[in-house]
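# Structural features, examined
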Amino acid sequence: MATEVLKTKAEQELAQQFETGMPNLPGSDVGWTKAMREAAWQTYAAAGLPHRRVEEWKYTDLRALLKDAYPPAPALGEALTAENIDAALGEHVAALDCHRIVIVNGHFREELSDLDGIGGQVEVRSLSEALSDPSDWLQNTLGQVAPQDGDVIASLNAALMTGGVIVRVAAEAKLEKPLHLIHVAAVKDAAGLATRNIVDVGADAAVTLLESYTGHGAIPVQRNAVTELVAGDKADVHHIKLQNDNAHTAHLSTWMTRLGTRASYRAFQFSTGADVARNQIFVQFAGEGGLSHVSGAVLSRGKQHDDTTMVIDHAVPECESREFFKLVLDDDARGIVQCKVNVQRDAQKSDGHQIAHGLMLSETAEFDSKPELEIFADDVVCGHGSTSGQVDEDLLFYLRARGIPEPQARALLIEAFIGEALEKIERDDVREAFSALTSSWLKGE
Amino acid sequence: MPAVQETVEQVREIDVDKYKYGFETDIETVKAPKGLNEDIVRFISEKKSEPEWMLEWRLGAFKRWLTMDEPKWSRVHYPKIDFQDLYYYAAPKSTEGPKSLDEVDPELLETYAKLGIPLKEQEILAGVRKQGEPSHLDEEAGIAGGEYGSGKVAIDAVFDSVSVVTTFKEELAKAGVIFCSISEAVREHPELVKKYLGSVVPTSDNFYATLNSAVFSDGSFVYVPEGVRCPMELSTYFRINEKDTGQFERTLIIADKGSYVSYLEGCTAPMRDENQLHAAVVELIALDDAEIKYSTVQNWYPGDKEGKGGVYNFVTKRGDCRGKNSKISWTQVETGSAITWKYPSCILRGDNSVGEFYSIAISNGYQQVDSGTKMIHLGKNTTSRIISKGIAAGHSDNTYRGLVSAHRKATGARNFTACDSLLIGDKCGAHTIPYIEAKNSSAMFEHEATTSKISEDQLFYCQARGMNEEEAVALIVNGFVRDVIQKLPMEFMAETQRLIGISLEGSVG
């Protein structure tokens, strides 16, 4: 039937934004970037906002969750100081010793950043500038790590993106301190943000990349953030995300990662702030012997909705993947973990294992899990597990019998539960900061 | 382990002709004209001498079916089915009208003999022994063929669109159990049929269930009254024989309060180049404290080595644990069919009700299996258990798809799921797609799954002890599926082990 599906208000507003805003988007006057944006828009428009009848979005219906599409955030956000940034990050994360790359409303703010001592090893550039004056490198790089089946939200991002940064880590560079990409939303009125980071890690390089998403103030924000990451052969990448957007934020984030031969990728996502969060992680093994460990912790309460969706694509033999997620869900919160491990026909000796644990603190919390395996090669070892339940009454009793009052005993058990996920972070400083965030969260801060 | 030895021997015995039920019976049949329209629905209803309300029910389903689209979400691929190119009704001519067992067409008896239906039933079917008489087999086994002699199985034999014969009816009637074809039940027990038919799988449920509701031709009906433990195993044997026919059977089993029944189902079809459609609906209803055990050995023709022909097995099976403390247990062994697409499910409505699903799905050649279960926890303190073993060989694809969900009010729901897949060869695929939805904090769900190939070490170990590779594979596979096989009634265990050998033959090397 050729009947056109009715567009929702948000979809109509997005269409309007693209139509009127396109001429002002960076690079819209350049041939290939203009074509790229238009093609991406077509991909998005053909499907519209994903809804529950789309299998991958079964549990996160954007048609229902996004009533409006907010207008694009103004290019230059609020005048922010370093103190504002620290406050937005919170004391624990602000205290981390990192090379700071501050991005406000999608725009790279050199004056707030701190890149001392990484010259020659890391090159950081604003994406909006790069798009306005695109190089061949950008043309060859942008969008090349897109997931196999495409992704509507990443396409929407490509059509509307206004900025972000390009981070290029030189081959063999070994960075001691993490690179901290700090995405701050600072708006006066409800606004939408489409940002993209392109990270290129050279062969044999070792880097920790920390991405923080947070807000200055409590104005509603719709965020569509994409990070494309290419890890060269034998590169060692730690990729960590803190999602601590304000409670009125719809946080859509997509990581698209491609790993070279024997590259090692350890990713962690700590997701807590936003009202609605969809964290997508697509990892593709492009060279043999790669390793991808993706883990995360989710803390949700109130009416928060947190969805982590992963696709791990074993396209080549002898790669190892692990996914490990822990969710604590209170009140009416809804937590979702979907992970698809795909082992392609010739990807022999693949080793994949995924686990998701949901801990529900209230009667009305909900945990949905879909651990999926799609396997076309026979010489593989793959497994998945998922559990859900509430705080173990026996353990609680044990602690109380030892004189610990119930609220503390409960908090202790929840901290221990999340602690197991945090242990996957190899950097002590980051782990401790997240651990402190967990404690504050438990105290209701 | 004698059972395993048997499998090994079976594997050895197998000749080129893998599918031994692939013969065709030459028997005169009555068919409805090809195609599907309201007149065909009326024709079927008339053939069955159905009351008006049943016809209305069918027509309602048919009207709805016309508005529905074929579902596309499953992981199976097949050319579009032309629903107008099928016969919706075919019956052996000789079975029209009431008859005694002795009048059964010898061709039919021979068919069932060839299919290897347990000996005692063949005796009954062949009229060697009158119903209720002690069997010489019982005597040989040293068992007095008493009223409820051991190991008796009552059979409802369904040939194409109709039930040919139902055995042990009188003996079952003594216990108050009603076991007959569904068409007979519509005529004889309309109050029960009206009350329960479509109450678990409504006519609007899904494309194939709705089609079935419109055109179902036969199937079994079981009613076990309050407090009765059904004195013997009940069984239905389905056989597709006619060309270009679709088989649409409907099974309805009601276990009243405190009763118990065990039901087995077996199916085969001739080898043909065309694909045949089988779209059945099975509804189970367990009231307070009742238990239903439903076992299936599905061995429809799977198609030939190149993937030509075979049965499309699109089945809706659902059990409703309607009463408190009720239990429904599904056990299935899926070795046949070109495409299997079924999800025997349990709705755990009653408090403390229990749902179980044990499955072995084996695919070889170009078979496609998309099977699993749904456990829907609605009542308090409900428990469910899922054990699924998928084995993929050849060019086949084997998918486990399952849903476990706990409703908001389902406090104390428990589920354990283990689904394991085994891959034999590098051209096949094994997929696991579980959905786990916990809407209640006290729900405790555990899910685990593994996929692996047969361990080289185990193979080497067996071969070092003088087994050839095929025997070793059969042995290891039998070990892999043992958890499920043990849940099958005794009568089916041996057959299943043989089937596993057959299905995997040709998968090594």
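Okay, so let's go over this structure. (Residues numbered from 1 in each chain as written. Chains lettered and ligands numbered in written order. Predicted model: local features only at pLDDT ≥ 70, side-chain atom pairs only at ≥ 80, totals over all residues. Heavy atoms only, no water.)

With a phi close to 60°, Glu318 of chain A is a non-glycine residue in the positive phi region. Classification of Glu318 of chain A by relative accessible area gives partly exposed; the value is 47%. Positive phi, close to 50°, is recorded for Ser49 of chain B, a residue that is not glycine. By the secondary structure assignment, Ser49 of chain B is in the loop between α2 (38-47) and α3 (52-66). (Buried < 20%, exposed > 50% of the residue type's maximum accessible area, 1.4 Å probe, protein only. Helix = DSSP H or I, 4+ residues; strand = E, 2+ residues; numbered from the N terminus.)

What follows is about the packing of α3 of chain B against helix α10 (residues 207-215) of chain B. Residue and element names in this part refer to chain B. Where α3 meets α10, the closest approach of the two axes is 7 Å, and the angle between their N-to-C directions is 145°. In the packing of α3 onto α10, the handedness of the crossing is left-handed. Contacts between α3 and α10 pair Trp57, Arg58, Ala61, Phe62, Arg64 and Trp65 from the former with Phe207, Thr210, Leu211, Ser213, Ala214 and Val215 from the latter. Across the contact of α3 with α10, the residue classes tally to eight nonpolar, two polar and two charged. (Axes fitted to C-alpha atoms, helices over the stretch in contact; angles between N-to-C directions. Left-handed = near helix turned anticlockwise from the far one by under 90°. Contact = heavy atoms within 4.5 Å. Nonpolar A, V, L, I, M, F, W, Y, C, P; charged D, E, K, R; others polar.)

Tallied over the full model, the rule gives 44 salt bridges over all chains. Note that Arg75 of chain B is salt-bridged to Glu374 of chain A, the shortest N-O span being 2.8 Å. One end of the pair, Arg75 of chain B, is in the loop between α3 and β2 (90-92); the other, Glu374 of chain A, is in strand β18 (residues 366-375), on a second chain. Across this residue pair, the class does not change: Arg75 of chain B and Glu374 of chain A are buried. (Salt bridge = Lys/Arg side-chain N within 4 Å of Asp/Glu carboxyl O.)

This part takes up the interface of chain B and chain A. Contact with chain B, which involves 35 residues of that partner, is made by 35 residues of chain A. Summing the contributions of chain B and of chain A, the shared interface buries around 2800 Å²; its carbon and sulfur component is 45%. Looking at the side of chain B facing chain A, the largest losses of area belong to Tyr435, Ile436 and Ser441 of chain B, adding up to 20% of the total buried there. At the junction of chain B and chain A, the tally comes to two salt bridges. Viewed at the interface, chain A and chain B are joined by 16 residue pairs in polar contact (both at pLDDT 80 or more). Broken down by class, the residue content of the side of chain B that touches chain A amounts to 13 nonpolar, 12 polar and 10 charged. With seven bridges joining them, strand β19 (residues 381-389) of chain A and strand β24 (residues 444-453) of chain B adopt antiparallel strand pairing. Bridge pairing in β24 of chain B places Ser386 of chain A opposite His447 of chain B. (Buried area = accessible area lost by both parts, 1.4 Å probe. Polar contact = N/O pair within 3.5 Å; in protein donor to acceptor, adjacent residues only side chain to side chain. Pairing = 2+ DSSP bridges.)

In this section: helix α2 (residues 31-47) of chain A. Residue and element names in this part refer to chain A. Helix length check: α2 (17 residues) gives 25 Å between terminal C-alpha atoms against 24 Å at 1.5 Å per residue, within 8%. Looking only at α2, the buried set comprises Trp32, Thr33, Met36, Arg37, Ala40, Trp41 and Tyr44. In this structure, the buried side of α2 is in contact with α1 (9-21), α6 (127-132), α7 (136-141) and α8 (152-160). Residue Gly48 follows α2 closely and has a positive phi angle near 75°. (Expected span 1.5 Å × (residues − 1).)

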